[in-house]
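An overview of the molecular structure
What follows is the residue order along each chain.
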Amino acid sequence: MTAPCILVTGFEPFGGEVENPSAQVALALDGRRIGPAVAVGAVLPCVFGAANDAMAALLAAHRPRLVLALGQAAGRSALSLERVALNVDDARIPDNAGAQPVDLPVVPGAAAARFTTLPVKAMVAALRDAGCPVELSNSAGTFVCNHVFYGLQHALRRRPSARSGFMHLPLLPSQARRGEPSLPLATMVEGVALALDVAWNTPVDRAVTEGRLD
Ligand code: PCA
């Protein structure tokens, strides 16, 4: 019997950067054993539409039981598990194909938002206990990361046996300019590996607050 698959995706560099920590983490985890499962790491184009086509091909090829899509978020200082994806594209900068959609739906006619199906409270708690900077985020933005997150949750909406979600990562130290927060690659790789292990082993999330008043 082949081992169950955990799919971990990252993005190619965008916005003038030459690196993207999410691609490096996804590729570093390719082949990693997580309990009985094996991680498959892949890199998506930072292009509206094409990124979701690439994700659809990966879902069809690997039939993963767990999917964690990763992306870079400059300005964040912690691994940021995303709670919710919005059905809107509103690009402040062009994607890597030059497209800059404004106020277009990711999936026309579909729900306004979709929640993660990962046990994000348990994942946050475990990373915090391990000393890894982590937070629960209530916005994945409106660029290609949110686009992929929404597309992923939409694609798997009728497949409850496959759980999925999104995590934003801080910049790498080599990318950070003038005081921007960053984390070493090894910290991110091991943090994401722990998050996947907890997700794999936690069928029902913990009801503990990560709420905010802002
Ligand atoms: N971050 C961008 C898109 C690709 C990436 O790594 C975002 O947050 O939308």
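The following paragraphs examine the structure supplied in this document. Remember, it's a predicted structure, so these values are computed and weren't measured experimentally.

1. Some details on the site of the ligand
Residues in close proximity to the ligand include Phe11, Phe14, Asn20, Cys46, Gly71, Gln72, Phe143, Val144, Cys145 and His168, which together make up its full environment. Within the side chain of Asn20, an N or O atom sits 2.9 Å from an oxygen atom of the ligand. Between the ligand and the protein, one listed contact pairs an oxygen atom with a backbone N or O atom of Val144 at 3.4 Å. Notes on the ligand: free accessible area 260 Å², of which the protein chains cover 94%. Sorting the residues of the shell around the ligand by element identifies β4 (66–72) and α4 (144–155) as the ones contributing at least two each. When its residues are assigned to classes, the shell around the ligand shows 6 nonpolar, 4 polar and no charged.

2. Here we look at the pairing of strand β11 (residues 163–169)
Put simply, side chains in a regular strand alternate between the two faces of the sheet. In terms of residue burial, β11 counts as a mostly covered element, since 7 of its 7 residues are buried. Side chains Arg163, Gly165, Met167 and Leu169 project from β11 onto one buried face, and the interleaved Ser164, Phe166 and His168 project onto a second face that is buried too. As paired elements, strand β5 (residues 79–82) and β11 share 2 bridges and run antiparallel to each other. Along β11, the bridge assignment pairs Ser80 with His168.

3. What about the side chain of Gln175?
Mapping Gln175 onto the fold places it in the loop between β11 and α5 (185–201). For Gln175, the side chain forms a polar contact with the side chain of Glu17, separated by 3.2 Å. At 2.9 Å, the side chain of Gln175 forms a polar contact with the backbone oxygen of Glu19. Apart from residues no more than four positions distant in its own chain, Gln175 is found in contact with Glu17, Glu19, Asn20, Pro21, Gln72 and Glu180.

Rules behind the numbers
- Residues numbered from 1 in each chain as written.
- Predicted model: local features only at pLDDT ≥ 70, side-chain atom pairs only at ≥ 80, totals over all residues.
- Heavy atoms only, no water.
- Near = heavy atom within 4 Å.
- Polar contact = N/O pair within 3.5 Å; in protein donor to acceptor, adjacent residues only side chain to side chain.
- Areas by Shrake-Rupley, 256 points an atom, 1.4 Å probe, with all protein chains shown as cover.
- Helix = DSSP H or I, 4+ residues; strand = E, 2+ residues; numbered from the N terminus.
- Nonpolar A, V, L, I, M, F, W, Y, C, P; charged D, E, K, R; others polar.
- Buried < 20%, exposed > 50% of the residue type's maximum accessible area, 1.4 Å probe, protein only.
- Pairing = 2+ DSSP bridges.
- Contact = heavy atoms within 4.5 Å.

No statement about biological role is implied by the geometric values presented.
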